[in-house]
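A look at the structure
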Amino acid sequence: MNNILVDRYGRKHDYLRISLTDNCNLRCFYCMPEEDYIFTPTKSLMQPKEIEEIVKIFVENGVKKLRLTGGEPLIRKDIPEILEILARFPVELHMTSNGIRIDELLPQILAANFSSINISLDTLDRKKFIQITRRDYFDRVRKNIDLLLEAGLTVKINVVVMKGLNDDEIVDFVELTRTNNIEVRFIEFMPFSNNRWTSNQVITYKEIITRLSKVYNLNTIQRKKHDTSKLFSISEYQGRFGIISTMTAPFCSDCNRIRLTADGKLKNCLFSKDETNLLDSLRANKLILPLIQQNIDSKAEGLGGQLNKDFEKIESKAIKNRSMISIGG
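**Considerations on the overall build of the protein**
A tally of helices and strands in the protein yields 10 helices and 12 strands. Relative to its full complement of 329 residues, the protein shows a buried share of 55%. Accessible surface, the protein as shown: approximately 15,000 Å² in total, 47% of it carbon and sulfur.

**Describing the environment of Lys64**
Relative to the helices and strands, Lys64 is located in the loop between helix 1 (48-60) and strand 2 (65-69). Considered as a pair, Lys64 and Tyr15 are 49 residues apart in the sequence and their alpha carbons are 6.2 Å apart. Other than its neighbours up to four places away in sequence, Lys64 contacts Asp14, Val91 and Glu92.

**Overview of the pattern of salt bridges**
For the coordinates displayed, the defined rule picks out 21 salt bridges. Between Glu52 and Arg88 there is a salt bridge, with its nearest N and O atoms 3.7 Å apart. Here the residue Glu52 occupies a position in helix 1, and Arg88 occupies one in the loop between helix 2 (79-86) and strand 3 (92-97), the gap between them amounting to 36 residues. Of the charged contacts in the structure, one is a salt bridge between Asp168 and Lys128, with a shortest N-O distance of 3.2 Å.

**What about the side chain of Ser19?**
Examined against the element boundaries, Ser19 turns out to sit in strand 1 (residues 15-19). The exposure class assigned to Ser19 is buried, which follows from its relative accessible area of 1%. One polar contact links the side chain of Ser19 to the main-chain carbonyl oxygen of Gly70, over a distance of 3.3 Å.

**Overview of the side chain of Asn166**
With respect to the secondary-structure elements, Asn166 resides in the loop between strand 5 (155-161) and helix 6 (170-179). With relative accessibility at 2%, the residue Asn166 sits in the buried group. A polar contact of 2.8 Å, which involves the side chain of Asn166, links it to the backbone oxygen of Asp122. Of the polar contacts made by the side chain of Asn166, one reaches the backbone nitrogen of Met162; its length is 2.8 Å. Apart from the residues lying within four places of it in its own chain, the contact partners of Asn166 are Asp122, Lys128, Val159, Val160 and Val161.

**Quick word on the nonpolar core**
In this structure, Phe58, Phe114, Phe186 and Phe241 are the most contacted members of the largest nonpolar core, which totals 88 residues. With sequence-adjacent residues up to four places away left out, Phe186 is seen in contact with Val159, Val161, Ile170, Phe173, Val174, Ile208, Leu212, Phe241, Gly242, Ile243 and Ile244.

**A word on helix 6**
Taken together, the buried positions of helix 6 are occupied by Ile170, Phe173, Val174, Leu176 and Thr177. Buried residues of helix 6, seen end-on, are gathered within an arc of 135° and therefore sit on one face of the element. Along its buried surface, helix 6 packs onto helix 5 (138-150), strand 5, strand 6 (182-188), helix 7 (205-213), strand 8 (230-234) and strand 9 (240-244).

**Focus on the sheet that holds strand 12 (residues 276-277)**
Pairing within the open sheet is mixed, and its 12 strands lie in the order 7-8-9-6-5-4-3-2-1-10-11-12. Since the sheet does not close on itself, it has two edges, and those belong to strand 7 (218-220) and strand 12, each with one partner. In this sheet, strand 3 lies alongside strand 2 in parallel orientation, the contact comprising four bridges. By the bridge assignment for strand 3, Leu68 is matched with Met95.

**Some thoughts on the pairing of strand 6**
For strand 6, the buried fraction is high: seven of the seven residues fall into the buried class. In strand 6, alternate side chains face the same way, and those of Ile182, Val184, Phe186 and Glu188 on one face and Glu183, Arg185 and Ile187 on the other are all buried. Pairing of strand 5 with strand 6, which is carried by seven bridges, proceeds in the parallel orientation. Within strand 6, the position partnered with Val160 by the bridge is Ile187. In this fold, the crossover linking strand 5 to strand 6 by way of helix 6 has right-handed handedness. Relative to strand 9, strand 6 runs parallel, the two being bridged by five bridges. Across the sheet, Ile187 pairs through a bridge with Ile244, a residue of strand 9.

**Thoughts on helix 1**
The terminal C-alpha atoms of helix 1, which comprises 13 residues, lie 18 Å apart, in line with the 18 Å expected from a rise of 1.5 Å per residue. Following helix 1 by one or two positions, Gly62 has its phi on the positive side, about 115°.

**Some thoughts on unusual backbone geometry**
Cis geometry is found at the peptide bond from Gly70 to Gly71, where omega equals 15°. Note that Gly71 resides in the loop between strand 2 and helix 2. A positive phi angle is found at Arg134, which is not glycine, with a value near 60°. Within the secondary structure, Arg134 sits in the loop between helix 4 (126-133) and helix 5.

**Some words on the packing of helix 2 against helix 3 (residues 102-111)**
In the contact formed by helix 2 and helix 3, the axes pass within 9 Å of each other and the chain directions differ by 15°. Considered as vectors, helix 2 and helix 3 are oriented roughly parallel to each other. Seen from above, helix 2 lies across helix 3 with right-handed handedness. The segment helix 2 lies against helix 3, with Ile79, Pro80 and Leu83 engaging Leu105, Gln108 and Ile109. When grouped by side-chain class, the residues that make up the contact of helix 2 with helix 3 number five nonpolar, one polar and no charged.

Analysis parameters
- Residues numbered from 1 in each chain as written.
- Predicted model: local features only at pLDDT ≥ 70, side-chain atom pairs only at ≥ 80, totals over all residues.
- Heavy atoms only, no water.
- Helix = DSSP H or I, 4+ residues; strand = E, 2+ residues; numbered from the N terminus.
- Buried < 20%, exposed > 50% of the residue type's maximum accessible area, 1.4 Å probe, protein only.
- Areas by Shrake-Rupley, 256 points an atom, 1.4 Å probe, with all protein chains shown as cover.
- Contact = heavy atoms within 4.5 Å.
- Salt bridge = Lys/Arg side-chain N within 4 Å of Asp/Glu carboxyl O.
- Polar contact = N/O pair within 3.5 Å; in protein donor to acceptor, adjacent residues only side chain to side chain.
- Core = buried A, V, L, I, M, F, W, Y, C linked by side-chain atoms within 4.5 Å.
- Arc of directions from axis to C-beta.
- Pairing = 2+ DSSP bridges.
- Right-handed = clockwise from strand over helix to strand, strands pointing away.
- Expected span 1.5 Å × (residues − 1).
- Axes fitted to C-alpha atoms, helices over the stretch in contact; angles between N-to-C directions.
- Parallel < 35°, antiparallel > 145°, perpendicular 65-115°, else oblique.
- Left-handed = near helix turned anticlockwise from the far one by under 90°.
- Nonpolar A, V, L, I, M, F, W, Y, C, P; charged D, E, K, R; others polar.

So far we have only geometry, and geometry alone does not tell us how the molecule works.
As structure tokens, this is what we get:
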């Protein structure tokens, strides 16, 4: 094994997150800048065989974990073919979804043998769900989470916590872990292009822990290398919860993640402003392995080299990046 996927800080990148589309059947305001968003034309997206070719190179050079993201990955018409292709690779397969199409695609999902599926759900209140997503799919998402649990899949729920919007539901989300073997992950609100981020909307890791400590006796779960989430359990609760503290306590020092956008651009960090176009080179029959190596070698020490570690001093308008939906979480 060579060191193609090792950066100048000695971090080995064996986890590839693949966005399949920037399209989505929700319109969450913090992810999608405008209601009338212009999506990437189908011809400009990586096609199934192109995804296969690119993933093959990454796996041959040490990638052990794949995560499918979007937009909403299950919205693609060719998702059954993509799942069938990726399931053949000797890797852990994961997915982040909004959960809307789980019921329609459950046989294909089960056949792909996912190690876990993350469902993005920011509220347990139907009216607030419509406010956040601008769509009325709450009941379907909740039913589909139950469907995944009944099928025996490992389920995690991603909750972007925002002050004055859903921070009053933190305890309600933790209560989901009482009788369900589920992991709830609270995510600090992060800045992306045109998502109207301000520091006073951020509910920090410490604030979440302080609130929950008044209600529960929390047990700290030992962090494993590469974990993005600081994990906790509550005695006699079946599940657990974690906090992704990107803004106040980032975990860049042992980051092993790289991202491939739906239009075939490689990003070495969620917050990196530079991208490497792998898809155009692949279509031109050029070698892409040297491009991958150059991209990883240029990775900043932390936060894409753009974000101030003091999140209260971050000027979101000065950040050069895509919107969240076009990056793929």
